[in-house]
Structures are given as structure tokens and as C-alpha cells.
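Structure at a glance
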Amino acid sequence: MTRALKQRLSAAALWLVTFLLMVIMCIPGLWVVLSAFRPNREILARPPVWVPERLTLNNFAKIFGLGEAQVAIPVGSYFMNSLVIALTSTFVALVIGMAGGYAFARFRFRFKNSLFLSLMLLRTVPAIALSLPLFMLWSRLGIIDTQMGLIIVYIALNVPFTIWLIDGFFRQIPMSLSEAAQVDGCTRWQAFWKIEFPLAKGGIAAAGVFAFLTSWNEYALAAQLTRSTDSKTLPVGLMDFTAQFTIDWAGMSAMAVIIIVPALILTFLVQKHLIRGLTFGGVKG
Amino acid sequence: MAEISLKKVVKSYGRTPVVHGIDLEIADNEFVVLVGPSGCGKSTTLRMIAGLEDISDGEIRIRGRLVNDLPPRKRNISMVFQNYALYPHMSVRDNLGFGLKIAGQSRSVVAERVAEAAGILGLSDLLDRLPAELSGGQRQRVAMGRAIVRHPDAFLFDEPLSNLDAKLRGQMRAEIKKLHQKVASTIVYVTHDQIEAMTLADRIVVMRDGHIDQVGTPMEVFNHPVNTFVAAFIGSPPMNQLPAVVDAGRLRLEDGTTIAVPERLRARVRAGQKLILGVRPDDISPEGYGLMEDGESDRVDLLVDIAEPLGMESLIYSRLAGQEVQAKLYGPRLVAPGERLTCRISLSRAHLFDAGTGRNLEAE
């Protein structure tokens with residue numbers, strides 16, 4: 001076997017493996033998206049119908065209570081809850097993350113390392129392990145089934161991550177840039193906003209998107225801490241489609257698509273920002 | 001333009017002092033170079049003048065004004081950083097004009113000053129580029145341009161050439177010197193490179209371990225080093241230093257070789273005194289191939305280990321009394337390893353240092 005042939009074969013094998021892995025990862029997602037546009041009857045058909053005969057928007061109309069709706073699920077409320085909770089918790093986590101990340105990257109203070117380590121350790125605790133204590137605490141405080149209750153949980157969940165990520169971005173920016181700005185006439189505050197913030201913007205945006213996705217997709221804690229349309233988020237709302245004996249797969253899929261789309265868009269944004277954030281460089285010769 | 005004065009300036013990190021109460025007076029329009037090995041406190045001293053480091057004790061005055069507690073922006077100084085510290089997200093034009101804009105200057109003033117600085121430094125064609133699109137030398141010039149647009153009281157340079165290759169470093173050295181002549185200004189320049197110090201400075205400040213060892217013009221520091229450290233640090237190749245004992249009016253080296261005590265120093269030495277004889281390589285040369293042969297001298301035999309011919313001169317590595325000794329041969333003569341050369345040591349240019357303290361016997 002010639003070397004060229006060997007190379008071509010191994011390249012082909014690599015493609016094949018990559019393709020298979022991708023198929024395995026994508027098929028459930030594709031199936032969900034596909035199911036969102038098909039009638040229930042076709043979804044449940046046996047043997048399965050691989051290629052849909054016709055696509056419909058009925059499932060979406062149904063869950064929004066339009067048309068001949070049987071199952072009216074307050075998707076609008078869930079969507080608003082999700083949006084308010086995810087945006088608020090992301091915003092606060094970002095503000096804290098920026099302050100904390102900057103402090104860890106720039107200042108020397110006592111117990112800095114142990115503080116940073118304990119923040120990281122917080123992330124090793126699975127959130128679900130905290131659900132029972134949280135539930136008890138929150139019920140005593142009377143913030144079960146409120147947006148605020150969930151917002152606080154998500155802030156706590158996201159802050160260690162945003163601090164860690166933003167700290168990394170600030171660390172990449174040489175101290176001398178801020179110093180040069182201060183010599184050039186800036187206060188430290190001005191130097192931050194005019195020099196360091198624009199340079200870390202990509203990283204901060206990435207941290208924000210990650211935090212948003214965490215809050216947007218979180219199910220386990222939300223399921224414990226919410227009860228009604230006052231605070232239920234989209235992932236929890238998905239369970240509304242399961243009744244005692246039946247599951248409305250079509251409606252569930254349609255709602256899943258509503259959840260996925262913003263997440264998907266943001267994921268693409270993350271990529272762009274991450275790459276930009278990591279390549280601004282070019283300070284030294 | 002302004003004079004800078006440091007009085008008993010101390011810097012400590014926690015309990016570790018890194019600068020031990022230094023005194024330094026820098027005159028208006030003077031080019032002062034702080035030089036020393038890494039960790040000697042020279043950069044810290046510069047950063048204290050800039051206001052980027054707090055002062056633990058003492059006073060710093062710029063133009064007579066006490067600046068101890070003033071932030072960098074209120075000191076009216078400019079600084080060029082080792083890594084240039086150009087703002088990567090701004091064009092050259094914006095980098096240059098940043099300080100003026102912050103100071104609230106009108107657009108026309110900013111444009112005028114930026115054009116002026118760009119003209120002086122040859123940056124006029126690069127104004128719309130980003131720092132990432134510039135070569136090392138160009139970035140260096142932008143960094144200098146950013147310093148001069150503001151017409152500050154003083155310029156501070158923190159090892160500005162250490163990221164450049166040797167050729168570019170030579171060019172930029174000349175540009176900095178020109179700049180100093182063009183924009184007549186007080187400059188404090190930090191480097192670990194003694195050649196930069198020698199070529200640029202009006203006065204050199206040699207620092208070691210947070211102390212100032214010597215302040216003087218390049219020639220003073222070169223010709224009259226106050227101690228063995230300065231003698232070894234300034235001048236390339238470094239000064240040969242040979243331990244010796246005064247014996248019967250001569251200096252006896254460890255292997256028994258004796259060399260005459262320079263006449264001007266005879267009254268200062270006493271029998272049995274332990275000294276270090278300091279002679280620059282330029283002042284040890286094979287007979288007939290030296291630079292300064294007319295002054296007082298003595299002879300010594302050297303066995304050549306290695307010779308580095310450089311054209312009109314050769315650097316000779318040899319050993320004397322167990323110490324490596326470098327000598328210089330002036331003239332187009334080839335020397336072979338193993339050759340025995342009778343060399344002249346110029347005693348009128350030799351130094352004697354106390355073996356215990358390292359101080360030059362002639363230093364006050």
C-alpha cells in the first residue's frame with residue numbers, strides 16, 4: 001500500500017467516525033425539532049415514519065392556545081418567567097463576576113488564593129444536592145414559587161463561573177495597559193472602562209452567554225422551587241405535557257423547540273465572542 | 001520641563017525592603033539612566049516616580065512639587081513601557097491622542113499634536129493602523145509618540161528596548177538620543193544594559209540591591225568606579241579583578257606573580273593589605289599592540305587560552321593566578337592558543353579595591 005493511499009484511507013476513516021459521532025449527537029435533537037412540526041399520530045406511528053408526510057405548525061398554535069386547542073399551557077408566562085429569571089440572574093452574575101474577576105486578576109489581598117479555590121469548589125457541588133436544604137430555606141423565607149427565589153439560586157450558581165472566566169480574561173490584559181492609561185491621565189476607573197473593559201468585552205460577553213444558558217436550561221432546581229405560572233420556567237413547563245396516562249409528544253416537542261432556539265442562537269454567539277476574546281492579543285512585539 | 005528630586009525614598013513590600021532610602025537629584029533637561037542587574041530596584045524607583053507604586057518613606061518632588069500622594073495622572077509625566085503598552089483596540093492615531101482627549105483638549109489641538117509627534121517619529125503613514133499591524137520598532141515609536149504628544153514635565157522609560165533585536169536596538173537608541181535633543185526634556189531611563197547606559201546618559205545611576213552605588217557621567221563611572229561591582233558592571237568586556245596582597249611594595253597575586261603598585265596609590269596601601277587589582281581588558285595588551293603604552297606600566301606573561309580575532313583587534317582569554325583574565329590586542333595580528341605573550345598592564349589606568357569592602361581606594 002502506498003503512503004498516499006494509506007493517508008487517504010485514514011482520512012476517510014476519520015471522516016466516517018466524526019460523521020457517526022455527529023449523527024449520534026444530532027439525531028435526538030433533530031427528532032425533537034422534526035416532531036415539533038408533525039401531528040401526534042405520525043410521531044407515535046409504528047413502524048416509525050422517518051420522512052414526514054406533511055409539516056404543520058399546529059403544535060405551536062396549540063400550546064399557545066390558538067385554534068382548536070385542547071391543551072392550553074401558559075407557555076407565554078413560562079417564557080416570560082424564563083426570560084426575566086435568566087436575564088436578571090445573568091446581569092447580576094456578570095456585575096459580580098466583573099468586579100470579582102477584576103479584583104482576583106489585579107489586586108493582592110489576604111486569603112486571595114483560598115478564596116478563589118473555595119469559589120471553584122462551590123462549582124464541584126452538584127446543584128441538585130442542595131435542592132432539599134434550599135427548599136427548606138426558601139420556604140421559611142417565603143420565596144418558594146417566586147421569580148426572586150430562582151434568581152437568587154441562579155446567581156449563586158453562576159457567580160463562581162463568571163468570576164473564574166472573567167478573571168482569566170483580565171489576566172490576559174497586561175497590567176501596563178491600565179498603568180499607561182493612568183499615566184496618560186485616567187483615573188483607575190476611567191482606565192478600566194476605556195481600556196480594560198473594551199479588551200475583556202469578548203470574554204465578559206462569553207461569560208454572560210454561558211450564565212444565561214445555565215439559567216435558561218436549568219431544570220432540577222427549578223422543578224423543586226417553582227409551583228405555578230408565577231415562577232415556572234420553560235424546562236419545568238415541559239412536564240405539563242405529561243398527564244397520568246399520556247404524554248403529548250407533539251406539544252412537548254414544540255415547546256422544546258421554543259426553548260432550544262434562543263439557546264442555539266446564543267451558543268453561536270458564544271463561539272464568536274470566545275474566539276474574539278481569546279485572540280485580541282498583540283501587545284508585545 | 002522639570003527637575004526631579006528623590007530624598008530618602010524607601011519602598012517595602014510588606015516587611016521586605018526593595019529600595020533602601022535612595023537620594024537622587026535630577027536636573028532639568030538631564031538624561032539620567034538607572035542601570036543595574038535585575039532586582040536592583042531600578043524599575044521600582046522609576047515606577048515610584050511615575051506614581052504607579054506607593055512610596056513607603058521619603059519624598060519625591062517633580063518641579064519642586066511634592067508628589068508622594070499624587071496619582072500618576074496628576075504628575076504630568078509620560079512613560080514608555082517595556083512591552084510598549086499600546087492600546088490594542090485603538091489605531092495609532094487614537095493611541096497617540098488618547099492622553100490629550102482624556103485631558104479634554106479640543107479636536108483640533110489633538111489632531112495638531114498627533115501630527116506633530118507623528119512627524120517627529122516618522123509615523124505619519126501609519127496613523128490608521130492597529131498596534132497588531134506594526135513591527136516591533138514601529139510600536140516602539142508609537143509608544144514614544146504617545147509620550148511626547150502630551151508635552152510632559154519628564155519622560156520615564158522602562159527598559160524600552162529590551163524587546164527589540166540587536167540591530168533595531170541600536171537604531172532606536174539613536175532615535176531616543178535624537179528625541180532628547182529635539183524635545184529637550186528631563187528623561188529618566190531604566191535599563192540593565194550598560195551599553196545603553198553609556199551611550200544615552202548624561203549621568204548614570206548604578207543601582208544594586210535597592211541602593212545607589214554610584215552616580216556620575218558615563219566617563220566618571222567608567223574611569224573611576226567606586227567599587228568592584230560598578231567596575232564589573234560598567235564596561236564590556238568587564239574589568240579583570242585579581243585578588244592580591246601588598247608585599248614589599250608590590251602586589252603579589254595568588255600564584256606569586258608580582259605587579260607594581262601604581263605610583264599614585266603607593267601612599268594609600270600598607271604591607272599585608274588584601275586588595276583587588278582591577279584592570280580593564282583594554283589596559284592589558286601584548287607589548288607593541290596596546291592603546292595606551294606611554295603611561296606607567298608593568299609586565300606580565302600570559303598564556304593564550306582562546307583568542308577572538310575581531311579584525312583590527314583581538315580579545316584574548318587567558319589565566320592569571322587561577323583567574324580568567326581578558327586582554328586586548330590592538331592591530332591586525334593573529335594570536336594562536338598556547339602562545340605565550342608578554343603583556344603590558346597599564347598601571348596609570350588600574351584600580352585597587354579593598355578586598356573586604358570592595359571599595360575603590362581612591363573613592364571618597
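Along each chain, residues carry numbers from 1 onward, in the same order as the chain's sequence is written. Chains and ligands are labelled by the order in which they are written, letters from A for the one and numbers from 1 for the other. In keeping with the model being predicted, local features are shown solely for residues with a pLDDT of at least 70 and side-chain atom pairs are shown and tallied solely at 80 or more, while totals for entire chains, interfaces and linings include all residues.

Numbered from the N terminus, helices here are DSSP runs of H or I no shorter than four residues, and strands are runs of E no shorter than two. A count of helices and strands for chain B gives eight helices and 20 strands. Referenced to the eigenvectors of the C-alpha coordinate spread, the extents of chain B come out at roughly 75 × 45 × 35 Å. Taking all 364 residues of chain B together, 44% fall into the buried category. Here the contact rule is simple: place C-beta atoms from the backbone, and any two residues whose C-beta atoms are within 7 Å are in contact. Counted over contacts in chain B with a minimum sequence separation of 6, partners at least 24 positions apart contribute 67%. Exposure is read from a count of other C-beta atoms within 10 Å of each residue's own; the residue is exposed at 12 or fewer, buried at 20 or more and partly exposed in between. C-beta atoms are placed from the backbone.

Once that is clear, we can look at the overall build of chain A. For chain A, the helix and strand inventory stands at 12 helices and zero strands. Only C-alpha atoms enter the radius of gyration; for comparison, a globular chain is expected to reach 2.2 Å times N to the power 0.38, where N is the number of residues. By the compact-globule yardstick of 19 Å for 285 residues, chain A is too spread out, its C-alpha radius of gyration being 24 Å. Here the C-alpha coordinates of chain A stretch approximately 75 × 70 × 35 Å along the principal axes. Across the 285 residues in chain A, those meeting the buried criterion constitute 34%. For chain A, the proportion of contacts with a sequence separation of at least 24, taken over those separated by at least 6, is 76%.

This brings us to the sheet that holds strand β17 (residues 313-320) of chain B. Residue and element names in this part refer to chain B. Read from one edge of the open sheet, five strands run β15-β19-β16-β17-β18, paired in antiparallel fashion. On the outer flanks of this sheet lie β15 (284-286) and β18 (323-330), each paired with one strand and no other. Across the sheet, the axes of successive neighbouring strands diverge by a mean angle of 50°, strand direction being ignored. Sheet topology note: the β17/β18 ladder contains eight bridges and is antiparallel. Following DSSP output, two strands are said to pair if at least two bridges run between them. Angles here are taken between N-to-C directions and fall from 0 to 180 degrees, while the axes themselves are lines fitted to C-alpha atoms, restricted in helices to the stretch in contact.

Each side of the interface is counted separately: chain A has 20 residues, and chain B has 23 residues. Contributions of two or more residues to the side of chain A that touches chain B are made by α8 (175-183) and α9 (188-217) of chain A. No other element matches the six residues that α8 of chain A contributes to the side of chain A that touches chain B. Here the side of chain A that touches chain B is built from residues that sort into 10 nonpolar, seven polar and three charged. Classification used: nonpolar for Ala, Val, Leu, Ile, Met, Phe, Trp, Tyr, Cys and Pro, charged for Asp, Glu, Lys and Arg, polar for all others including Gly.

So, about the domain arrangement of chain B. Residues and elements named next belong to chain B. These domain limits were set by an automatic method or by a database of domain assignments. Partitioning chain B into domains gives domain 1 (4-233) and domain 2 (240-354). One C-alpha centre belongs to domain 1, the other to domain 2; they are set 39 Å apart. Facing five residues of domain 1, the contacting portion of domain 2 comprises five residues. A per-class count over the side of domain 1 that touches domain 2 returns three nonpolar, two polar and no charged.

All right, on to the environment of Phe98 of chain B then. Secondary-structure assignment places Phe98 of chain B in helix α2 (residues 92-102). When the 25 C-beta atoms within 10 Å are taken as the criterion, Phe98 of chain B is described as buried. Here the alpha-carbon distance between Phe98 of chain B and Val325 of chain B, two residues 227 residues apart in the chain, equals 53 Å. When neighbours within four sequence positions are excluded, Phe98 of chain B is seen to be in contact with Asp184 of chain A together with Tyr87 and Met90 of chain B.

With that settled, the discussion passes to unusual backbone geometry. Residue Pro47 of chain A is reached from Arg46 of chain A by a cis peptide bond, and omega for that bond is -5°. Take Pro47 of chain A: it is sitting in the loop between α2 (40-44) and α3 (58-63). Here the bond from Ser236 of chain B into Pro237 of chain B is cis, since omega is -5°, no more than 30 degrees from zero. Notably, Ala85 of chain B is not glycine yet its phi reads approximately 50°, a positive angle. Here Ala85 of chain B is to be found in the loop between β6 (77-80) and α2. C-beta crowding within 10 Å serves as the criterion here: with 28 such atoms nearby, Ala85 of chain B is assigned to the buried category.

Residue and element names in this part refer to chain B. Two numbers describe how α2 lies on helix α4 (residues 136-148): the axes approach to 7 Å, and their chain directions differ by 30°. If you check the angle between α2 and α4, you find them roughly parallel. Both α2 and α4 take part in a crossing whose hand is right-handed. Residue-level contacts link Val92, Asn95, Leu96 and Gly99 of α2 to Val142, Gly145 and Arg146 of α4. Should an angle fall under 35 degrees it is called roughly parallel, over 145 degrees roughly antiparallel, and 65 to 115 degrees roughly perpendicular, with every other angle called oblique. Two helices that cross are described as forming a left-handed crossing if the nearer one is turned anticlockwise from the farther one by less than a right angle, and a right-handed crossing if clockwise.

All names here are of chain A. Contact pair helix α4 (residues 75-106) / helix α7 (residues 147-172): the axes reach a minimum separation of 6 Å and the direction vectors enclose 35°. Of the two elements, α4 crosses α7, and the hand of that crossing is right-handed. Across the contact of α4 with α7, the residue classes tally to 18 nonpolar, nine polar and three charged.

Once that is clear, we can look at the domain arrangement of chain A. All names here are of chain A. For chain A, the domain assignment lists domain 1 (3-58) and domain 2 (75-279). Between the C-alpha centres of domain 1 and domain 2 there is a distance of 32 Å. If you look at the interface, domain 1 gives eight residues, while domain 2 gives seven residues. Among the secondary structure elements, those contributing two or more residues to the side of domain 1 that touches domain 2 are α1 (3-36) and α2.

The next thing to look at is the sheet that holds strand β2 (residues 16-26) of chain B. The strand order β2-β1-β4-β5 (chain B) describes an open sheet built from four strands, whose pairing is antiparallel. At either end of the open sheet lies a strand with only one pairing partner, and these are β2 and β5 (65-66) of chain B.

Here we come to the environment of Arg280 of chain B. Residue and element names in this part refer to chain B. Considering the arrangement of structural elements, one finds Arg280 in the loop between β14 (274-279) and β15. When the 23 C-beta atoms within 10 Å are taken as the criterion, Arg280 is described as buried. Sequence spacing of Arg280 and Val325 is 45 residues, and the spatial spacing of their C-alpha atoms is 9.5 Å. Setting aside residues no more than four positions away along its own chain, Arg280 makes contact with Gly235 and Met239.

It is worth spelling out the confidence of the model for chain B at this point. Per-residue pLDDT for chain B has a mean of 92; in total, 99% of the residues score no lower than 70. Both scores are given for the predicted complex: the pTM is 0.81, the ipTM 0.85. pLDDT expresses, on a scale from 0 to 100, how confident the predictor is about each individual residue.

Turning next to the pairing of strand β1 (residues 4-13) of chain B. Successive residues of a regular strand alternate their side chains across the two faces of the sheet. Residue and element names in this part refer to chain B. Of the pairings in the sheet, the one linking β1 to β2 comprises seven bridges and is antiparallel in character. Of the residues in β2, the one forming a bridge with Ser12 is Pro17. The antiparallel pairing of β1 with β2 creates a hairpin that spans two residues between the two strands, and Gly14 there sits at a positive phi of about 60°. As judged from the five bridges shared by β1 and strand β4 (residues 57-62), these two strands associate in the antiparallel manner. Among the inter-strand pairings, Val10 is bridged to a residue of β4, identified as Asp57.

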